[in-house]
Amino acid sequence: MNLKNNFMLRAIELSINSVNTAGGPFGCVIVKENKIIAEGSNKVTSSNDPTAHAEVVAIREACKKLNTFNLTGCDLKILMVQMMRDEALKAFELWDKKTDKVKY
């Protein structure tokens with residue numbers, strides 16, 4: 001498996017963990033020089049923060065880690081059903097089965 005798939009698998013893992021711990025089915029990693037430098041998962045409902053989407057959480061973490069707002073040279077990998085569809089569907093299937101989720 002190539003590095004890009006490994007990064008997407010980590011985003012999928014984060015999304016599944018998020019569903020299982022009061023978040024939505026979204027996960028994100030930020031990669032620089034082929035290394036994950038930041039991760040995020042959906043925390044909108046658990047933190048009562050409408051901006052706490054997985055990618056925003058990851059971007060905030062990356063900026064803190066790099067001590068800059070400039071993320072030039074970084075790649076953002078966010079769970080999207082189209083990429084690695086079969087692996088990603090698990091997070092959405094778990095979300096669909098939740099009884100305590102907030103529907104929009």
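Reading guide: rules and limits
Residues numbered from 1 in each chain as written. Predicted model: local features only at pLDDT ≥ 70, side-chain atom pairs only at ≥ 80, totals over all residues. Heavy atoms only, no water. Helix = DSSP H or I, 4+ residues; strand = E, 2+ residues; numbered from the N terminus. Buried < 20%, exposed > 50% of the residue type's maximum accessible area, 1.4 Å probe, protein only. Contact = heavy atoms within 4.5 Å. 1 Å grid on protein atoms, 1.4 Å probe; cavity = no way out; pocket = protein on both sides within 12 Å on 5 of 7 lines; lining within 4 Å. Points joined across faces, edges and corners; volume = space filled by probe spheres on them. Nonpolar A, V, L, I, M, F, W, Y, C, P; charged D, E, K, R; others polar. Pairing = 2+ DSSP bridges. Salt bridge = Lys/Arg side-chain N within 4 Å of Asp/Glu carboxyl O. Expected span 1.5 Å × (residues − 1).

Considering the overall build of the protein chain
A count of helical and extended segments in the protein chain gives four helices and three strands. Ordered by position in the sequence, the α and β elements of the protein chain form the string α-β-β-α-α-β-α. A burial count over the protein chain gives 38% of its 104 residues as buried. Intrachain contacts of the protein chain at a sequence separation of at least 6 include 52% that bridge at least 24 residues.

Some points on the layout of surface pockets
Here the largest pocket is characterised by a volume of approximately 170 Å³. Lining the largest pocket we find 13 residues, and of these G24, P25, F26, N42 and H53 sit closest to its centre. Looking at the lining of the largest pocket, the elements that each hand over two or more residues are α2 (44–47) and α3 (54–66). Counted by class, the lining of the largest pocket contains seven nonpolar, five polar and one charged residues.

Some thoughts on the environment of L66
Summarising the element assignment, L66 is placed in helix α3. On the basis of relative accessible area, L66 is assigned to the partly exposed category, the value being 28%. The spatial distance from the C-alpha of L66 to the C-alpha of I37 is 8.6 Å, given a sequence separation of 29 residues.

Quick word on the environment of F7
Here F7 shows up in helix α1 (residues 3–20). Each C-alpha atom of the pair F7 and L76 lies 9.5 Å from the other, and the pair is 69 residues apart in sequence. Setting aside residues no more than four positions away along its own chain, F7 makes contact with V29, V31, N34, K35, I36 and K77.

With respect to the pairing of strand β1 (residues 27–32)
In terms of burial, β1 is largely enclosed, as five of its six residues are buried. Where β1 folds back on strand β2 (residues 35–41), the antiparallel hairpin that results is connected by two residues, among which E33 adopts a positive phi of roughly 55°.

Let's talk about the pattern of salt bridges
Tallying each qualifying case throughout the model produces three salt bridges. One salt bridge in this structure joins D49 and R60, with 3.7 Å as the shortest N-O distance. With D49 in the loop between α2 and α3 and R60 in helix α3, this residue pair connects regions lying eleven residues apart in the sequence. It is possible to trace a salt-bridge network through shared partners that takes in R10, E13 and E39.

Structural notes on α3
For α3, spanning 13 residues, the distance from its first C-alpha to its last is 18 Å, which sits close to the expected 18 Å at 1.5 Å a residue. Listing the buried residues of α3 in full gives A54, V57, A58, A62 and C63. In this fold, the buried residues of α3 make contact with β1 and β2. N67 sits one or two positions beyond α3 and adopts a positive phi of about 55°.

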